[in-house]
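Reading the structure
What follows is each chain in one-letter form.
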Amino acid sequence: MTGLPVLTIRTLADENASKLSLRWLGGEAGDQRTLGNDYLAPSDRVGHLNLIHPSRIQVFGQREMLYFSRFDVNRRQHHLDDLVTGGVPAIVIADALVPPADLIQFCDDHEVPLLSTPVQAAEVIDILRLYVGRALAPTVTMHGVFIDVLGLGVLIAGESGLGKSELALELVSRGHGLVADDAVDFSHVAPGIIDGHCPPLLQNILEVRGLGLLDVRTIFGESSVRRKMRLRLIVQLVRALSEEAQRERLPLQDTTQEVLGLPIRKVVLPVAAGRNLAVLVEAAVRNTILQLRGIDTLADFMERQQQAIQKNAL
């Protein structure tokens, strides 16, 4: 299940009111205007006054206010009309500046949210870009258990009944941290980065067959849970006799799975009696860490094997 959230100016103003000391100067009737959810970069959604990019939140700092105020009323009206035509979502006056009366009146007449903050323009832009980038990040909800193993975010996936939650419980008992069980919300928050976190309803909860619901945080302590982690590895549990389990023993290429358009490393672990899956997951994570550092054990072995073949051929 994927989705692109919608962000209204009212929500943006309310959630940043304390951080930026935001207050409404005009255009409050347009508080339900929304920011585009069309994969624009955060820098394209918030920025200094720019008539070439009217569809982003326009921030007036001292230089922008000086530029705007030097025009006569008719020229200012023309520029504001261009912003409205381009779909401006809101205007933010930074540095505790006092906007011209005609700007306030225009925003009221055209229902363009006009906000004020004492914070400097550059800082306002940094804060809002980070907030908007996260709020409008593409998202997907995936089935599985998301856990922090040795500092790596690992999604344990597989069909129901294979023991994903039992494996997570063993990993938590070995000192690793639970992020989410059953349903995991992933967000593409930045280029090359996918963060995973737990839906509020399932926070700290792990369901284990025979035991029911366990509050991991209460049982194992604060260090047993994580608020969020970056997804770096998918561990796919499969039945030992399944077709996927019968694939080549030493795959010559890394297996990946696409999540929100990004390839994520993936390992497949057959589930069978007597296999210590917790140890195997830890080993998979350690091997992934080596690969991220540029160390490829299989490639090193193949090179060693080739050298041995050449030596014996002489």
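Let me begin by describing the structure that accompanies this report. The structure displayed is predicted, hence computed values, not measured ones.

1. Digging into the pairing of strand β13 (residues 205-208)
With burial as the criterion, only one face of β13 is covered, namely that bearing Leu206 and Val208; the residues Ile205 and Glu207 on the opposite face remain uncovered. Here β13 pairs with strand β14 (residues 212-215) via 4 bridges, running antiparallel. In the strand pairing of β14, Glu207 is matched with Leu213. Between the antiparallel neighbours β13 and β14 lie 3 residues, among them Gly210 with a positive phi of about 95°.

2. Here's the deal with the pairing of strand β15 (residues 228-239)
Pairing of strand β10 (residues 152-157) with β15, which is carried by 5 bridges, proceeds in the parallel orientation. Looking at the pairing, Ala157 lines up with Gln236 of β15. Looking at chain direction, strand β12 (residues 193-197) and β15 are connected through 3 bridges and run antiparallel. Each bridged residue has a counterpart across the sheet, and for Asp195 the counterpart in β15 is Arg230. Direction of pairing for β15 relative to strand β17 (residues 262-271): parallel, over a ladder of 7 bridges. Bridge pairing in β17 links Arg239 to Val271.

3. Focus on the environment of Arg209
Considering the arrangement of structural elements, one finds Arg209 in the loop between β13 and β14. Counting along the chain gives 43 residues from Arg209 to Glu166, while the straight-line C-alpha distance between them is 8.1 Å. When residues no more than four places from it in sequence are discounted, the contact partners of Arg209 are Ser160, Gly161 and Glu166.

4. Overview of the nonpolar core
Ile147, Val154, Ile156, Leu167, Leu171, Val281 and Val285 are the most contacted members of the largest nonpolar core, which totals 28 residues. Only β9 (139-149), β10, α7 (164-173), β13, β15 and α9 (277-292) provide two or more residues apiece to this core. Top contributing element to this core by residue count: α9, with 6 residues. Beyond its immediate stretch of four places on either side in the chain, Val281 contacts Val149, Leu167, Leu171, Val235 and Leu269. In terms of nonpolar packing, the next biggest core, distinct from the first, is built from 23 residues, Val59, Ala94, Leu128 and Leu136 among them.

About the cut-offs
Residues numbered from 1 in each chain as written. Predicted model: local features only at pLDDT ≥ 70, side-chain atom pairs only at ≥ 80, totals over all residues. Heavy atoms only, no water. Buried < 20%, exposed > 50% of the residue type's maximum accessible area, 1.4 Å probe, protein only. Helix = DSSP H or I, 4+ residues; strand = E, 2+ residues; numbered from the N terminus. Pairing = 2+ DSSP bridges. Contact = heavy atoms within 4.5 Å. Core = buried A, V, L, I, M, F, W, Y, C linked by side-chain atoms within 4.5 Å.

As far as function goes, none of this settles anything; it's purely spatial.
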